[in-house]
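# Coordinates in review
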Amino acid sequence: MKNIGNTCWFSAVIQSLFQLPEFRRLVLGYSLPQSVLENCQSRSKKRNIAFMQELQCLFALMLGTVHKYVDPTRALELLKGAFRSPDEQQQDVSEFTHKLLDWLEDAFQLAVNVNSPQDKSENPMVQLFYGTFLTEGIHEGKTFSKIETFGQYPLQVNGYKNLNECLEGALVEGETESPPSNQSVKYGQERWFTKLPPVLTFELSRFEFNQSLGQPEKIHSKLEFSRVIYMDRFLYSNKELIQSKREEIKKLKGQIALLQQKLERYMKYGSGADRFPLADMLLYVLQFASTKPAVASCAQSLVTPEPQAKGSPPVHSRGEVTQATENVQDAVEDAAAISHPELVSRPLQLPWDPVETTDYPAPHVVSEDEISLVMTCLQRWKDEVEQDIQGLRNSIALLAQSVELMYADPSLHQVPYHLHAVLVHEGQANAGHYWAYIYNQPRKSWLKYNDISVTEASWEEVERDSFGGLKNASAYCLMYISEALFHLAAADEDSSEHFQQEVEALSMDLQHYVQESNWRLEREVAEWEEEQSCKMAQMEQSESSVESQDLSSDSGQELSSPCGHGACPLSSEHAMITKDQTAQAIANTADAYEKNGVEAALKESKEAEPAKDFLGEANLIAQADEQQDAMGLAPPAQPSSQVSEVEIPSVGKILVRSDADGYNEEVMLSPAMQGVILAIAKARQTFDRDGSEAGLVKAFREEYSRLYQLSQESPTPQNDPRLQHVLVYLLQNEAPKQVVERTLLEQFADRNLSFDERSIRIMKVARAKLKDIGPDEVNMDEYKKWHEDYSLFRKVSVYLLTGLELYQNEKYCEALTYLVYAYQNNMTLLMKGPSRGVDEALIALYRRKCLLKLNDAAATLFESCHEVHVAEGMNHLDELIIPCMHLIISSDISKDDLDAIEVMRSRWCSYLGKDMDEDLQLKLGELLPRLLDCSAEGVVLKEPPKIRPNSPYDLCSRFAAVMESIHRASTVTVS
């Protein structure tokens, strides 16, 4: 359901109700006689009927639309008058739910044929959502009882651990005695459910007003609830049994309290302010009694003691103490003689007795019998105390278990209610976002309804977001359904088929409404596709006439193919590079090989470090062609038309033949063509001996073998072989054999191989084979998709590397944009296979780091209160932070990302209640709903600046440099 601006609360409530089959049936089947419509004069009744009709249309679309989401604007327009101010539309969701049920109840009451308008017993909304309870109690010495109706039952959260405790606290008020008098009278009351509705809704009170701050606050304490609750213990029919069990529980809890008091006396022993566990105190006394007298620290510093075990107190004999004392006196006298000679003649009087001063407290005089008696008693007392403590703990645990199992009686498990929906609020009391978790019976799983996003969720995720206590998200409403409704939903095994049946059962007006909506969408899609087709045709026409490379894509200059000029083989798109040093060195090596043999080629290639992959190929040439010196090289063919001199910087000039097909020097020097050139050079003997077709087969196998070996290399953090060649990507992802072979064959058919006679003849054979390949042999749609994926992979790689480089240079705004687009495009690839894209965790890590850095910067600018700085901070939030957060949340979010977003939101929520300018308060009020609203609808993140496609070798070098920089945490700049 579309969020049209702070309307996530509406979506959460309506989705929860829509997923109730019985409620959906009632709404869609609602109708009123014409006479009732004509006689309806009440303004509120007219409004309720109009809302009911809009709700019908909304539900019909939710059943049968082909849209991704539905727009609830018309129904929401009717709700505007239900709230005192627009702000309350988000804050008081409980009030909205009450009003919604009231409106529906009144609308259905008009359709019920009863004698009295006050008689609502036949109202289907009342039957579905409302129950009754009996209140019994004593007030001022008098007993009373009354029956009341309830819809959403309110429960307090503070002071309770789980839902059953909340219910117990709400239904049983504590009993207190009256002021002193001759007669003790108890005050209190109990509530008992006399009738439970099929849909049992609990409203959790998680908001309270802070009197000191003068504003509402949200209660974030944890409250657990189970997927099935048993209401037997709260029913009036079980009153006597439950009262007796409550008395038992009261006695057990009393015993637990007494045992806790006894245990407390052991754990906090003593009479002063500082108290300690008795067992520990006995242990310390035991250690004291077992310690032998030790010498003073001042004496010990002048006496070299015997080696001691680490941690044990030093022990000295009485003779050692006397000698130490004499040493102390001698040392003091020597010092006095030096500093104050006039005092030497006076007798030395020490202010302490060194014999009595020890490093560790110990008894001064104790006999063996005494120490034996004391040690025996202390050890026995310590053991007794530890036994008493363990016994008390065991007794408390057993009593607590008895309390827990008090309601485990099978006779009290006869009225189960199953959790249907959990409505969650995230944020603070005055701002936040709402969504719902709803259990889907046919799927046997939970679904998260978050505005236009509907995703599967685990029960663990429901617990994490709903229990509270961990972050700012917690449940504020729980919707349970009876066993009968639960089994009714379970009967719909095929939900899609069942929904289709419901669509067919709609009234003709509603069916036409749905069909018209779907037809409008189909028409819009058709018009859009036609518009795109026209644009594509214009682009193709423009590309065929413009030979310069488009800087905004990864595709290269159009090349001719066997099918005619203007059609570009997709593999050639990945072959385009600039004339860098790698290309120059490889071209030089190939030229030297043709002219002077393998040794000259090796000599040339050793001088070119970027061409290290092809050095290995040159070695393979030397090993495979052992007789080449004897046979010699085939003489270069004489040009039949024109000869061009091509100047290669730092290498020299080479002769290249040009024919009618033309010649593209840039493509000629690409890494893909370098491999083809060397493969043709290796196949020269086969070519000379068996002809051009055999030469093509030999060259094809050589190049395929090289690329296959490259695809089998184990990737490292600094090296990704897929960046080097499209075939490596195809092989690693197990592309169909026909796709791989056609891709490689296209490279041998490239027109730029027309630089000598051998290459021209092999190229022509390759072109002929391409023409012979029929559409039934290679699925061209599949072929095109594989190459589009590789183009996207390279785009992701460029975005990632650019983002990482910008991050290292602390350009977080620019870096975040590239990283976000890298992540979004990478998700598309990874959905097709784990090797289709790049490391998702790496992008997510630095995207998260950028977000946190930018959020801190925006908050700092906001705190400055300077108008220009505040505007800059708000701009960061509007254009980067909030769109990025919403994109992250709209997909499968990791715990690290969730924690980071929670930190960011908490930073801004912390400003609530602080003194600040009115203008800043206004900006904060506008910001927080958007910051906490997770809807991805309308989120627009500006596209990063266009960047020129890089050659495979350039990408590889940048990849290696950036990865090494990340691991070393140092900045690397790659030109």
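Note that the structure is predicted; figures quoted are calculated from it, not measured.

Counting buried residues in strand β6 (residues 199–205) gives 7 out of 7 residues, a clear majority hidden from the surface. Residues V199, T201, E203 and S205 of β6 are buried on one face, and the alternating residues L200, F202 and L204, pointing to the opposite face, are buried as well. The pairing of strand β3 (residues 152–156) with β6 spans 5 bridges and is classified as parallel. Along β6, the bridge assignment pairs L155 with L204. Alignment of β6 against strand β14 (residues 473–482), held across 5 bridges, turns out to be antiparallel. If you follow E203 over to β14, its bridge partner there is C477.

Turning to the confidence of the model for the protein chain, a few remarks are in order. Mean pLDDT over the protein chain works out to 76, with 72% of the residues at or above the 70 mark. By mean pLDDT, the top-scoring element of the protein chain is strand β9 (residues 228–230) (95), and the lowest-scoring one is helix α23 (residues 628–631) (36). Of the regions scoring below 50 in pLDDT, residues 85–91 engages in 13 contacts with residues more than four places distant in sequence or in other chains. Under a pLDDT of 50 for its full length, residues 658–663 has, in the predicted model, 18 contacts with residues more than four places off or in other chains.

Throughout the structure, instances matching the rule amount to 32 salt bridges. Between R233 and E168 there is a salt bridge, with its nearest N and O atoms 3.1 Å apart. Of this pair, R233 sits in the loop between β9 and α10 (239–267) while E168 sits in helix α9 (residues 163–171), placing them 65 residues apart in sequence. In this structure, the salt-bridge partner of D690 is R689, at a minimum N-O distance of 3.5 Å. By relative accessible area, D690 is classed as partly exposed at 48%.

Tracing the chain through its elements places N855 in helix α33 (residues 840–863). Residue N855 is classed as buried on the basis of its relative accessible area of 2%.

Looking now at a negative patch on the surface. Negative charge collects at one region of the surface, where E867, D917, E918, D919 and E926 lie side by side. With 3 residues, the top contributor of residues to the negative patch is helix α36 (residues 918–932).

Throughout the structure, instances matching the rule amount to 0 disulfides. Among the cysteines around C813, which has no disulfide bond, C850 carries the closest sulfur, lying 8.9 Å off.

It is generally the case that most residues other than glycine have a negative phi and that most peptide bonds are trans. Positive phi outside glycine occurs at E734, with the angle close to 55 degrees. Mapped onto the elements of the fold, E734 is located in the loop between α28 (726–732) and α29 (737–748). Since its relative accessible area comes to 69%, E734 is described here as exposed. Even without glycine at this site, C865 takes up a positive phi of about 65 degrees. Within the fold, C865 resides in the loop between α33 and α34 (867–890). C865 sits in the partly exposed class, given a relative accessible area of 44%.

What counts and how
Residues numbered from 1 in each chain as written. Predicted model: local features only at pLDDT ≥ 70, side-chain atom pairs only at ≥ 80, totals over all residues. Heavy atoms only, no water. Buried < 20%, exposed > 50% of the residue type's maximum accessible area, 1.4 Å probe, protein only. Helix = DSSP H or I, 4+ residues; strand = E, 2+ residues; numbered from the N terminus. Pairing = 2+ DSSP bridges. pLDDT = per-residue confidence, 0-100. Contact = heavy atoms within 4.5 Å. Salt bridge = Lys/Arg side-chain N within 4 Å of Asp/Glu carboxyl O. Patch = residues over 30% accessible without salt bridge, like charges linked within 9 Å, V, L, I, M, F, W, Y side chains within 5 Å. Areas by Shrake-Rupley, 256 points an atom, 1.4 Å probe, with all protein chains shown as cover. Lys, Arg positive; Asp, Glu negative; His and termini not counted. Charge placed at Lys NZ, Arg CZ, Asp CG, Glu CD. Disulfide = S-S within 2.5 Å.

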